[in-house]
Amino acid sequence: MKNPSRRQFLKLVGVGGAALAAGAVGGSAVASEGLKINNDNVAMLYDATRCVGCKACMTTCKRVNLASGSLAYEKADFDADGLWDAPADLSGDTRTLIKLHKESPTKWSYVKHSCMHCQKPSCVSVCPVSAMTRDAQSGIVSYDKNICIGCRYCQIACAFNIPRFQWDKALPQIVKCDMCKSTELPRTGTTGCASVCPVDAIHFGKRGDLLLEAQRRLDAQPEKYVQYIYGAHELGGLNHLCLAGVTFEKLGLPIVGDQPPAEFSEKIQHTIYKGFIAPIALYGSLCYVAIRNMKQGADKPAADEKGDDA
Ligand code: SF4
Ligand code: SF4
Ligand code: SF4
């Protein structure tokens, strides 16, 4: 299964994708409430059993998104010449990271960490100014530095601990994978990390096709895989899918269940604020209490004066 060309990508995401490729993604889908899983979204399938840990995906991610993401190379302590980009974790300079999980000398696995592009993203749900948005057509969750007010609610809300903040920059941004939406995707029709992987461990394509491909691999080599596609249902569906040979929790992919917290919180918010009945009722109650207190305050000196006379 090959990664799609630019032409195929435009077909994948239709008219909305064409607008995306032209760099015209707007806040077309801010709230996530009420969405069904959309298998026409674009997605990535990472197969940890194929990954050889070369980190070509990491270096390419940084190279292609360096300028647009305001990223910097991260120097390691041992690297006197500054030749290496050696991030220890996702950070304000790093959108994706390959980690190694070692279980025993013979059992280990690499794992790629980056945004899961949730179909019902909490980061979008909690952002008070819609700096985080999810494109309804492509499903890409992206960030607009020009709208962000730096509250970092998105960081707290994300179940996967993905968004990072540029603490050390004069004009800080939130940093996370945006599926190369303004860099490699419009230019080549695929993501930077998927295009360079030498062992085909990362596939970019339509979510429905990737689910079929993942299931085909599970059926073809059952002894090689944990029989589960991580992301198929998690939190209402993720557009970053994962296959592995060791349990996902050990790889830092948490057990999160199928229910998206975004939908729950939005339901509560939307119920409370429906027609603005609750805020109006609250405002009315507060006014009543304030007026009553004012009246009591006005009556009190008169009563005190009576007492003084007596
Ligand atoms: S993984 Fe986190 S940052 Fe990415 S879309 Fe989901 S909630 Fe947002
Ligand atoms: S899709 Fe693009 S931004 Fe996301 S991890 Fe891959 S290279 Fe980086
Ligand atoms: S480029 Fe492919 S093989 Fe290399 S670390 Fe990334 S996912 Fe693994």
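Right above here is the structure, for reference.
Everything numeric here is computed off the predicted structure, so don't read it as measured data.

Calculation rules
Residues numbered from 1 in each chain as written. Chains lettered and ligands numbered in written order. Predicted model: local features only at pLDDT ≥ 70, side-chain atom pairs only at ≥ 80, totals over all residues. Helix = DSSP H or I, 4+ residues; strand = E, 2+ residues; numbered from the N terminus. Buried ≥ 20, exposed ≤ 12 C-beta atoms within 10 Å, placed from the backbone. Contact = placed C-beta atoms within 7 Å. Expected span 1.5 Å × (residues − 1). Near = placed C-beta within 6 Å. Nonpolar A, V, L, I, M, F, W, Y, C, P; charged D, E, K, R; others polar. Pairing = 2+ DSSP bridges. Axes fitted to C-alpha atoms, helices over the stretch in contact; angles between N-to-C directions. Core = buried A, V, L, I, M, F, W, Y, C linked by C-beta atoms within 7 Å.

(A) A look at the overall build of the chain. When helices and strands are counted, the chain shows 9 helices and 9 strands. Classification of the 310 residues of the chain by burial places 39% in the buried group. Counting contacts in the chain only where the partners sit at least 6 residues apart, residues at least 24 apart contribute 66% of the total.

(B) Region of interest: helix α7 (residues 207-220). For α7, spanning 14 residues, the distance from its first C-alpha to its last is 20 Å, which sits close to the expected 20 Å at 1.5 Å a residue. In this structure, the buried side of α7 is in contact with β1 (42-47), β8 (202-206) and β9 (240-243).

(C) Representation of the site of ligand 1 in the model. As a matter of local geometry, ligand 1 sits amid 13 residues, with C115, C118, P121, C123 and C158 nearest to it. Of the residues that constitute the shell around ligand 1, the class distribution is 10 nonpolar, 2 polar and 1 charged.

(D) Representation of the site of ligand 2 within the structure. C61, C177, T191, G192 and C193 are the nearest of the 13 residues found near ligand 2. The element best represented in the shell around ligand 2 is helix α2 (residues 56-65), accounting for 3 residues. Split into classes, the residues belonging to the shell around ligand 2 amount to 5 nonpolar, 6 polar and 2 charged.

(E) A look at the environment of S109. By the element assignment, S109 lies in strand β3 (residues 108-113). Accessibility expressed as a C-beta count within 10 Å gives 21 for S109, which makes it buried. The spacing of S109 and G245 is 136 residues in sequence and 7.3 Å in space, taken between C-alpha atoms. When sequence neighbours within four positions are dropped, the list of residues in contact with S109 reads A48, H101, A244, G245, V246 and L251.

(F) Representation of the sheet that holds β8 in the model. With mixed pairing, the 3 strands of this open sheet are ordered in space as β8-β1-β9. The outermost strands of the open sheet, each flanked by one partner alone, are β8 and β9. Neighbour-to-neighbour, the strand axes of this sheet turn through a mean angle of 25°, independent of strand direction. The pairing of β1 with β9 spans 4 bridges and is parallel. Counted as the bridge partner of D47 is L243 from β9.

(G) Broad picture of the environment of C118. Inspection of the secondary structure puts C118 in the loop between β3 and α3 (122-126). Counting along the chain gives 118 residues from C118 to G236, while the straight-line C-alpha distance between them is 7.6 Å. Among residues more than four places away in sequence, those in contact with C118 are V141, L235 and L238.

(H) Spotlight on the environment of S122. Summarising the element assignment, S122 is placed in helix α3. Classification of S122 as buried rests on a count of 25 C-beta atoms within 10 Å. Between the C-alpha atom of S122 and that of A159, which follows or precedes it by 37 residues, the distance is 8.1 Å.

(I) Expanded view of unusual backbone geometry. At S130, a residue that is not glycine, the phi angle is positive and equals roughly 60°. Structurally, S130 can be placed in the loop between α3 and β4 (132-134). Under the C-beta neighbour-count criterion, S130 is labelled partly exposed, with 13 such atoms within 10 Å.

(J) Examining the pairing of strand β2 (residues 97-102) more closely. As paired elements, β2 and β3 share 6 bridges and run antiparallel to each other. Residue L97 lies in a different strand from β3, and its bridge partner there is H113. Between the end of β2 and the start of β3, which pair antiparallel, lie 5 residues.

(K) Structural detail: the nonpolar core. Core analysis: the largest hydrophobic core is formed by 56 residues, its most contacted members being A48, M132, I202, L241 and C242. Leave out the neighbours within four places in its chain, and I202 touches M44, Y46, C57, C193, A194 and C197.

(L) Structural view of α2. Most of α2 is tucked away, with 7 of its 10 residues classed as buried. Those residues of α2 that fall on the buried side of the exposure criterion are C57, M58, T60, C61, K62, V64 and N65. Looking at the buried positions of α2, the neighbouring elements they touch are β2, β3, α5 (184-188), α6 (192-196) and β8.

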